[in-house]
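Reading the structure
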Amino acid sequence: MERLHQSFFFYLLPSTDRYISIGVYMPPLGLILAAPLLQVLCMHFADLFKSSSDDDKDHGDVANKDESCKEDVAEEGDEKPATPVEVTKVLPKLKLYDVDNFIGVWTEVATVLTFCFFNGIIVHYVPEIISRFNLSSLFYFDSKFLFLFLILAAHIVAVTMGTSRRFKNATSCKRAHECGAIFLVVSLGIVAVVNYSFGMLLSIFVVPPILLVGGTRVSTSRNVKRFAAGVFMLIAPLSIICFICLYLNNGGFSITGLADIVTDIYENDRLNGVWTYRFATLIYFPFWLKLFLISVLNIDATSS
């Protein structure tokens, strides 16, 4: 135990007599977190270059058409050889942002982000609401079960309200996905600095669905996008707690065990200063909700 000392959270314990040190699993963690960032950056600049290349292609087609028309006229009525029109090939360049479109796109992104954080704040203060208004006595419910049911209700209401709207164009949907993915990955990196093992394990579960949702942007199949949205539901905060419950109960599942886990997480936050509950409600839940809504709204997004 002296070798671990006070930095016990630096290590992963696969068994009671073996541990994996930080120097072994931190490089893979860096590569895992770099993957979504590279995907987002590549897809963002690919969209810009694609737009510019399409404009250049259209310009080139018009120039070739004008050249062929001039050659036909020269062959019919003019004895002089037609002078070929020189077409200059333009290299791909970044498409300039239109100010009005730029403001409109990021206004939508900010609206979705505000909605997600507002729901995260509500989930965070659910225990305070139960205590202040004495809801457990009002509904004749044990406080821990009422806590669990209200969190579940907040999940359902947030998802329902979020999926009831649509983006005005596909660009807003893309920028919202890029913003959510970058912020969530950066948050996981910060968590890994504070608690390496927790950040590592959470990244293993969270990053693959982020990559999957990003990959569906180039897909035209709605079934593929629905599959990505379904996979993203598996990393919802309550879904992760359900997996923890199954693990702790050796494959068994009960509402009581689930309520006990949620209550323990909250009490450790309030009594012992463990920040897991604050991270789950104020950071992870808002960004998860945003990326889930993007994966769902992306199904019906139309090209701008």
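Residues numbered from 1 in each chain as written. Predicted model: local features only at pLDDT ≥ 70, side-chain atom pairs only at ≥ 80, totals over all residues. Heavy atoms only, no water.

1. Details of a nonpolar patch on the surface
Residues Phe141, Phe149, Leu152, Ile156, Leu234, Phe243, Leu246, Phe253 and Ile255 make up a contiguous nonpolar surface patch of about 800 Å² in total accessible area. Among the elements of the structure, α5 (143-162) and α9 (237-248) are those that each provide at least two residues to the nonpolar patch. A total of three residues in the nonpolar patch trace back to one element, the largest contributor, which is α5. Mapped onto the secondary structure, phenylalanine 253 falls in the loop between α9 and α10 (255-272). (Patch = residues over 30% accessible without salt bridge, like charges linked within 9 Å, V, L, I, M, F, W, Y side chains within 5 Å. Areas by Shrake-Rupley, 256 points an atom, 1.4 Å probe, with all protein chains shown as cover. Salt bridge = Lys/Arg side-chain N within 4 Å of Asp/Glu carboxyl O. Helix = DSSP H or I, 4+ residues; strand = E, 2+ residues; numbered from the N terminus.)

2. What to know about the nonpolar core
Phe147, Val206, Ile210, Phe232, Trp288, Leu289 and Phe292 are the most contacted members of the largest nonpolar core, which has 61 residues in total. Looking at which element gives the most residues to this core, the answer is helix α11 (residues 276-297), with twelve residues. With sequence-adjacent residues up to four places away left out, leucine 289 is seen in contact with Phe115, Cys116, Asn119, Ala158 and Val159. (Core = buried A, V, L, I, M, F, W, Y, C linked by side-chain atoms within 4.5 Å. Buried < 20%, exposed > 50% of the residue type's maximum accessible area, 1.4 Å probe, protein only. Contact = heavy atoms within 4.5 Å.)

3. A look at the pattern of salt bridges
A side chain of one charge can pair with a side chain of the opposite charge when the charged atoms of the two come close. By the definition in use, this model includes four salt bridges. We note a salt bridge from arginine 270 to glutamate 128, for which the minimum N-O separation is 3.5 Å. With arginine 270 in helix α10 and glutamate 128 in helix α3 (residues 126-132), the pair connects residues that are 142 residues apart, well separated along the chain. Classification of arginine 270 by relative accessible area gives exposed; the value is 54%. Take glutamate 128: its relative accessible area is 31%, and that puts it in the partly exposed class. Across the pair aspartate 269 and arginine 278 runs a salt bridge whose closest N-O atoms are separated by 2.7 Å. Residue classification places aspartate 269 among the buried residues on the basis of a relative accessible area of 9%. A relative accessible area of 35% places arginine 278 in the partly exposed class.

4. Observations regarding the packing of aromatic side chains
Applying the stated criterion across every chain, the model contains eleven aromatic pairs. The interplanar angle of 5° and the centroid separation of 5.8 Å between the aromatic rings of phenylalanine 183 and phenylalanine 287 together place this pair among those described as stacked. You can see phenylalanine 183 sitting in helix α6 (residues 170-194) and its partner phenylalanine 287 sitting in helix α11, a full 104 residues away along the chain. Given a relative accessible area of 43%, phenylalanine 183 falls into the partly exposed group. (Phe/Tyr/Trp six-rings, centres within 6.5 Å; stacked < 30°, edge-to-face > 60°.)

5. Observations regarding the confidence of the model for the chain
For the chain, the average pLDDT comes to 76, and 74% of its residues sit at 70 or higher. For the stretch residues 69-77, pLDDT sits under 50, and the model shows six contacts to residues farther than four places along the chain or on other chains. (pLDDT = per-residue confidence, 0-100.)

6. A look at α5
With 20 residues, α5 should reach 28 Å at 1.5 Å per residue; the first-to-last C-alpha distance of 28 Å fits that figure. Looking at α5, one finds that the buried residues are Phe145, Leu146, Phe147, Leu148, Ile151, Ala154, His155, Ala158, Val159 and Gly162. (Expected span 1.5 Å × (residues − 1).)

7. Considerations on the side chain of glutamate 108
Note on placement: glutamate 108 falls in helix α2 (residues 99-124). Within the local environment of glutamate 108, its side chain forms a polar contact with the side chain of serine 172, the two groups lying 2.8 Å apart. Ignoring any residue separated from it by four or fewer positions in sequence, one finds glutamate 108 in contact with Arg165, Arg166, Phe167, Lys168, Asn169 and Ser172. (Polar contact = N/O pair within 3.5 Å; in protein donor to acceptor, adjacent residues only side chain to side chain.)

8. Re the environment of proline 127
With respect to the secondary-structure elements, proline 127 resides in helix α3. With a relative accessible area of 10%, proline 127 lands in the buried category. Sequence separation between proline 127 and tyrosine 266 is 139 residues, and the spatial gap between their C-alpha atoms is 8.5 Å. Excluding anything up to four places from it in sequence, proline 127 contacts Phe147, Tyr266 and Tyr277.

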